[in-house]
Amino acid sequence: MQSTIPPPPKLSYKSLFGLPVIVAALGYFVDIYDLLLFGIVRVPSLKDLGLNDEQISNVGANILNWQMGGLLIGGILWGVLGDKRGRLSVLFGSIITYSIANIACGFIDRVTFMNPVDYYAAMRFVAGVGLAGELGAGITLVSEVLPKQLRAIGTSLVAGIGLFGAVVAYFTVELFNWQNAFLIGGAMGIGLLLLRIGVIESGMFTEVSEQKHVQKGNFFAFFTNWERFSRYMKCIGIGLPTWFIIGILATFSNEFGKAFGIAEPVKPGLTIMWCYIGLAIGDLASGLISQGLESRKKAVALLMGFTLLVSLIYVYVTPKTVMSLYMYFLAMGFGIGYWAMFVTIGAEQFGTNLRATAATTVPNMVRGTVILMTSLYAYFKPSLAVINAGVAVGLICFAIGFYSILTIPETHGKDLNYLEE
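Residues numbered from 1 in each chain as written. Predicted model: local features only at pLDDT ≥ 70, side-chain atom pairs only at ≥ 80, totals over all residues. Heavy atoms only, no water.

- An unreviewed UniProt entry lists the protein under the name MFS transporter, from Larkinella rosea.

Here's what the structure looks like:
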């Protein structure tokens, strides 16, 4: 007797190349370009403002902290707005904010109405607020419009393509100058704004928005239920090793290069570029690894373990040349390429009425912890010196990261059409 059960519908990969995925990927490309631009131009821009090497280190860390503080505040603002007003409202509002701020940064050396350094910090804060909305809203939208079998690959494509913005940022600075690099970033944002006009809203959000009794975008809901709070904090913990590599080891790679005894000066901008090449490749790979293992947790734990191994070799079997240092960062970048998977996990852990809030605040909470990391690094340096200070901060980040990924619920193949009560 023949079975009358119809075969399952054939999975189409065409949706991976639809407008939501393409626009989210391009949006993240511009986001990364603008986010990392200060790290790349930190030394030359502050030199042009008349600062010496010691001031560049201290003032540069302070401006970076202002940018990360903006990301922290913006993450909450855009996350709540994404669940209350829609994913697209965030994609439009955030890009307008950071595009204007980056154009303003292109005129720092002409500022006379206030201290240029204070103006620089203020504009990076505003840029940080704007940049906070891009990734979370994009990942949330892509996660909700793609079939669950393709979510990991789709979000990895978004991040993998987007992360090459760091490479373009580096070469833009090399080919032009830091002022024009900021102006180009602002112009790209405005161009992307026009492209986004054709993107439609997530059907899941539209359905929930019509249910007036459902509470949407309540940030404090993460703190009113222990189980939900635990999931939220673990989502943040998973991301800590990624920004330890970027915010400490890569950003201050010139200090580590001196401590290693490398004669040739290390360019932090070039370090960041190599790190992000690896990160882009790792992000593309992480989706395939997750799909193959049928597990978000196993994929992230595997890449996190690889990153820890390479970073320990980096500080204890020290590179002898500038190029070998850059290659270490290529490898570490590949390891922290679980970034897209980490944001996807954040989106998948929570219901539709809190999903944008979670997916937007979680990565920006991680970025905001760079303030704590740089403060700890500066605190440990006088007593432990550069290398061991970095190791101390790194061990804290990896310990929290491993605990979080090993104990958080698995979300591979999870149906996302549900609400948080």
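### A look at the overall build of the protein
And then number 1: On a plain count of helices and strands, the protein comes out with 17 helices and 0 strands.
And then number 2: Pairs at least 24 apart in sequence give 85% of the contacts found in the protein among residues at least 6 apart.
And then number 3: Accessible surface for the protein amounts to roughly 16,600 Å². Of this, 68% is attributable to carbon and sulfur atoms. (Helix = DSSP H or I, 4+ residues; strand = E, 2+ residues; numbered from the N terminus. Contact = heavy atoms within 4.5 Å. Areas by Shrake-Rupley, 256 points an atom, 1.4 Å probe, with all protein chains shown as cover.)

### Quick look at the packing of aromatic side chains
And then number 1: Summed over the entire model, instances satisfying the criterion amount to 28 aromatic pairs.
And then number 2: Between the aromatic rings of Trp226 and Phe229, the centroid separation amounts to 5.6 Å while the plane-to-plane angle is 40 degrees, which identifies the pairing as tilted. Of this pair, Trp226 and Phe229 are both found in helix H10 (residues 226-250), 3 residues apart, which corresponds to roughly one turn of the helix.
And then number 3: Through a chain of ring-to-ring contacts, three or more aromatic side chains come together here, namely Phe219, Phe220, Phe222, Phe223, Trp226, Phe229, Tyr232 and Phe350. (Phe/Tyr/Trp six-rings, centres within 6.5 Å; stacked < 30°, edge-to-face > 60°.)

### Some remarks on the packing of helix H6 (residues 151-162) against helix H12 (residues 268-293)
Two measures define how a pair of helices packs: the angle their axes make with one another and the distance between the axes.
And then number 1: Look at H6 against H12: their axes get within 8 Å of each other, and the N-to-C directions meet at 175 degrees. It follows from the interaxial angle that H6 and H12 lie roughly antiparallel. Residues Ala152, Ile153, Ser156, Leu157, Ala159 and Gly160 of H6 touch H12, and the partners they reach there are Ala280, Asp283, Leu284, Ser286, Gly287, Leu288, Ser290 and Gln291. (Axes fitted to C-alpha atoms, helices over the stretch in contact; angles between N-to-C directions. Parallel < 35°, antiparallel > 145°, perpendicular 65-115°, else oblique.)

### A look at helix H15 (residues 339-348)
And then number 1: The buried fraction of H15 amounts to 10 of the 10 residues, a majority that puts the element mostly inside the structure.
And then number 2: Among the residues of H15, Trp339, Ala340, Met341, Phe342, Val343, Thr344, Ile345, Gly346, Ala347 and Glu348 are the ones counted as buried. (Buried < 20%, exposed > 50% of the residue type's maximum accessible area, 1.4 Å probe, protein only.)

### Description of the environment of Ile345
And then number 1: Among the secondary structure elements, Ile345 is positioned in helix H15.
And then number 2: In this structure the C-alpha to C-alpha distance between Ile345 and Arg296, which are 49 residues apart in sequence, comes to 7.3 Å.
And then number 3: Non-local contacts of Ile345, meaning those with residues more than four positions away in its chain, are made with Cys235, Ile238, Arg296, Val300, Ile405, Ile408 and Thr411.

### Things to note about helix H2 (residues 53-84)
And then number 1: Compared with an ideal rise of 1.5 Å per residue, which puts 32 residues at 46 Å, H2 spans 46 Å between its outermost C-alpha atoms and is within 8% of the ideal.
And then number 2: The largest bend along H2 measures about 25 degrees and falls at Gly74.
And then number 3: Where H2 starts, the residue carrying a side-chain oxygen 3.2 Å from the main-chain nitrogen of Glu54 turns out to be Asn52. (Expected span 1.5 Å × (residues − 1). Bend = angle between axes of the 7 residues up to and from the residue. Polar contact = N/O pair within 3.5 Å; in protein donor to acceptor, adjacent residues only side chain to side chain.)

### Some thoughts on the pattern of salt bridges
And then number 1: According to the stated counting rule, one finds 4 salt bridges in the structure shown.
And then number 2: Between Arg231 and Glu227 there is a salt bridge, with its nearest N and O atoms 2.9 Å apart. On the criterion of helical spacing, the pair formed by Arg231 and Glu227 is a turn pair, its members being 4 residues apart in helix H10.
And then number 3: On the basis of relative accessible area, Arg231 is assigned to the buried category, the value being 10%.
And then number 4: In this structure, Arg296 engages Glu348 in a salt bridge whose closest nitrogen and oxygen atoms are separated by 2.8 Å. One end of the pair, Arg296, is in helix H13 (residues 296-316); the other, Glu348, is in helix H15, and 52 residues separate them in sequence.
And then number 5: With a relative accessible area of 1%, Arg296 lands in the buried category.
And then number 6: Residue Glu348 is classed as buried on the basis of its relative accessible area of 0%. (Salt bridge = Lys/Arg side-chain N within 4 Å of Asp/Glu carboxyl O.)

### A closer look at the nonpolar core
And then number 1: Residues Trp243, Tyr276 and Tyr314 are the most contacted members of the largest nonpolar core, which totals 132 residues.
And then number 2: Broken down by element, the residue count for this core peaks at 14 residues, all from helix H1 (residues 19-48).
And then number 3: Each of domain 1 (16-201) and domain 2 (219-409) gives at least three residues to this core.
And then number 4: Excluding residues that lie within four positions of it along the chain, Tyr314 makes contacts with Leu249, Phe256, Phe260, Pro319, Leu325, Tyr328, Phe329 and Met332. (Core = buried A, V, L, I, M, F, W, Y, C linked by side-chain atoms within 4.5 Å. Domains from an automatic or database assignment.)

### Here we look at the confidence of the model for the protein
And then number 1: Within the protein, residue pLDDT values average 84, and 90% of them lie at 70 or more.
And then number 2: Averaged pLDDT values for the elements of the protein fall to 55 in helix H9 (residues 203-209) and rise to 96 in helix H14 (residues 322-335). (pLDDT = per-residue confidence, 0-100.)

### So, the environment of Cys397
And then number 1: Summarising the element assignment, Cys397 is placed in helix H17 (residues 370-407).
And then number 2: On the accessibility criterion, Cys397 (4% relative accessible area) is buried.
And then number 3: Contact partners of Cys397, with chain neighbours within four places excluded, come to Leu240, Pro241, Phe244 and Met373.

### Considerations on unusual backbone geometry
And then number 1: Unusually for a residue other than glycine, Glu294 sits at a positive phi of about 55 degrees.
And then number 2: When you line up the elements, Glu294 lands in the loop between H12 and H13.
And then number 3: In this structure Glu294 comes out as exposed when scored by relative accessible area, which is 58%.
And then number 4: Phi at Ala385 takes a positive value of approximately 70 degrees, unusual for a residue other than glycine.
And then number 5: Topologically, Ala385 is positioned in helix H17.

### Here we look at the side chain of Ser45
And then number 1: Along the polypeptide, Ser45 turns up in helix H1.
And then number 2: A distance of 2.6 Å separates the side chain of Ser45 from the backbone oxygen of Val41, its partner in a polar contact.
And then number 3: Not counting residues up to four positions away in its chain, the partners in contact with Ser45 are Tyr120 and Trp178.

### A closer look at the packing of helix H5 (residues 134-145) against helix H16 (residues 355-368)
And then number 1: Axis separation between H5 and H16 bottoms out at 8 Å; the angle between their running directions is 140 degrees. Classified by the interaxial angle, the pair formed by H5 and H16 is oblique. Pair H5 / H16 crosses with right-handed handedness. Here Leu135, Gly136, Ala137, Thr140 and Glu144 of H5 lie close against H16, whose contacting residues are Arg355, Ala356, Ala359, Thr360, Pro363 and Arg367.
And then number 2: Across the contact of H5 with H16, the residue classes tally to 5 nonpolar, 3 polar and 3 charged. (Left-handed = near helix turned anticlockwise from the far one by under 90°. Nonpolar A, V, L, I, M, F, W, Y, C, P; charged D, E, K, R; others polar.)

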